[in-house]
Amino acid sequence: MPNSRTPLILSIFCLPLHAQTATEMTSFDVVSIRTSAPMVPGRGMRSGSRGGPGSKDPTRFTAANVSLMNLITRAFRLEFWEFSGPEWLRTFQAPRFDISANIPEGATRDQFRVMLQNMLIERFNLKFHRETREVPIYELSTAKNGPKLKESATAGPPQLAPQPPPRRGPAKLGPDGFPELGPGETMMMIGSRARRRDLNQTMADLATTLSYDLNTPVHDATGLKGRYDIELYWVFQDDMRATPPPQLQHGGTIQSDPDAQFGPVLIEAVKTQLGLKLERKKGKADVLVVDSLSKTPSEN
């Protein structure tokens with residue numbers, strides 16, 4: 001007489017042997033990494049990612065024009081000032097990558113970060129250690145003549161903004177020589193020139209945003225309790241030097257602009273445009289130190 005449990009036993013042994021269990025989700029099922037196309041002079045660069053655990057597409061992760069510094073800080077859940085590595089990682093010339101990855105079903109956000117870490121270790125030969133370091137910090141306070149801030153007309157904390165409509169045509173520099181923002185856009189960069197508009201922000205929100213731009217902690221000491229609509233334009237510093245824009249774009253045509261001024265760097269822009277000042281001080285932070293890292297990934 002046949003054993004009634006035989007079919008059940010056979011079905012168990014037929015389960016896929018490569019499936020990752022909940023405690024073994026440490027790598028992507030499939031991942032493709034390609035070097036991004038070079039940025040076209042005079043046009044903005046769009047960079048970002050979508051998908052992954054907690055999103056509408058939890059088993060798929062895609063990224064475009066992401067730098068290794070962005071990947072490392074995301075994988076290890078670091079702020080930029082909690083990270084130290086080769087100087088080339090922080091420059092505009094650092095390589096950028098387009099990534100497409102399949103994520104095991106049921107993976108958590110913490111497991112997703114482990115997958116990113118292992119991808120960096122395996123594909124970019126990342127080696128690192130951790131240490132406590134003294135780091136520069138900035139204190140944000142009101143300038144001598146007081147703040148120049150526009151109070152927000154919207155009450156309460158900011159709501160998640162809808163995705164802006166796709167931009168039609170290339171990004172352009174406005175009459176002041178800085179990028180123009182389209183409907184729903186909060187930031188745009190062309191070369192080393194940037195403009196950002198943040199609505200309904202507290203001073204703590206501004207301090208956090210400035211922390212990312214300066215790659216070091218910014219502490220709010222303004223004492224201001226309101227919410228404000230903040231707009232800033234400035235020239236990013238690369239290797240401590242501001243660079244003039246090589247061209248302005250007007251009416252769909254490229255025109256040289258030899259008389260264009262360099263424009264303010266961020267600390268100057270905060271003072272002149274917002275009536276706030278950033279004072280440099282010192283503090284301590286736990287830092288992830290990159291010992292070695294390849295600029296190109298291993299083959300897909």
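As a reminder, the structure under discussion sits directly above these lines.
In this text the structure is predicted, and so the values were computed from the model without any measurement.

Trainee: Help me understand the packing of aromatic side chains, please; the structure alone is not making it clear to me.
Mentor: Aromatic ring pairs: the centre-centre distance and the angle between the two ring planes describe each pair. Applying the stated criterion across every chain yields a total of six aromatic pairs. Arranged with centres 5.0 Å apart and planes meeting at 65 degrees, the rings of Phe76 and Phe128 form a pair that is edge-to-face. Pair noted here: Phe76 is in the loop between α2 (68-75) and β4 (83-84) and Phe128 is in strand β6 (residues 127-142), with a separation of 52 residues, a long-range link. The partly exposed category is assigned to Phe128, whose relative accessible area is 30%. The ring of Trp88 carries the charged tip of Lys295 above its face, separated from the ring centre by 5.0 Å.

Trainee: So what exactly am I meant to see when it comes to helix α4 (residues 203-214) here?
Mentor: Taking 1.5 Å as the rise per residue, α4 with 12 residues should run 16 Å; its terminal C-alpha atoms sit 16 Å apart, in good agreement. Taken together, the buried positions of α4 are occupied by Met203, Leu206, Ala207, Thr209, Leu210, Ser211 and Asp213. As for α4, its buried residues are in contact with β6, β9 (193-201), β10 (218-220), β11 (228-235), α5 (266-274) and β16 (276-292).

Trainee: Would you explain the sheet that holds β6 in this entry?
Mentor: With respect to topology, four strands assemble into an open sheet ordered β4-β16-β6-β10, the strand pairing being mixed. Single-partner strands in this sheet number two, and they are β4 and β10.

Trainee: Hey, could you run me through the side chain of Arg196 in this one?
Mentor: Tracing the chain through its elements places Arg196 in strand β9. The class of Arg196 is buried, set by a relative accessible area of 7%. A distance of 3.1 Å separates a polar atom in the side chain of Arg196 from a polar atom in the side chain of Asp198. Within polar-contact distance, the side chain of Arg196 engages the side chain of Asp213 at 2.7 Å. Setting aside residues no more than four positions away along its own chain, Arg196 makes contact with Leu181, Thr186, Met187, Thr209, Leu210, Asp213, Ile230, Glu231, Leu232 and Trp234.

Calculation notes
Residues numbered from 1 in each chain as written. Predicted model: local features only at pLDDT ≥ 70, side-chain atom pairs only at ≥ 80, totals over all residues. Heavy atoms only, no water. Phe/Tyr/Trp six-rings, centres within 6.5 Å; stacked < 30°, edge-to-face > 60°. Helix = DSSP H or I, 4+ residues; strand = E, 2+ residues; numbered from the N terminus. Buried < 20%, exposed > 50% of the residue type's maximum accessible area, 1.4 Å probe, protein only. Lys NZ or Arg CZ within 6 Å of the ring centre and 35° of its normal. Expected span 1.5 Å × (residues − 1). Contact = heavy atoms within 4.5 Å. Pairing = 2+ DSSP bridges. Polar contact = N/O pair within 3.5 Å; in protein donor to acceptor, adjacent residues only side chain to side chain.

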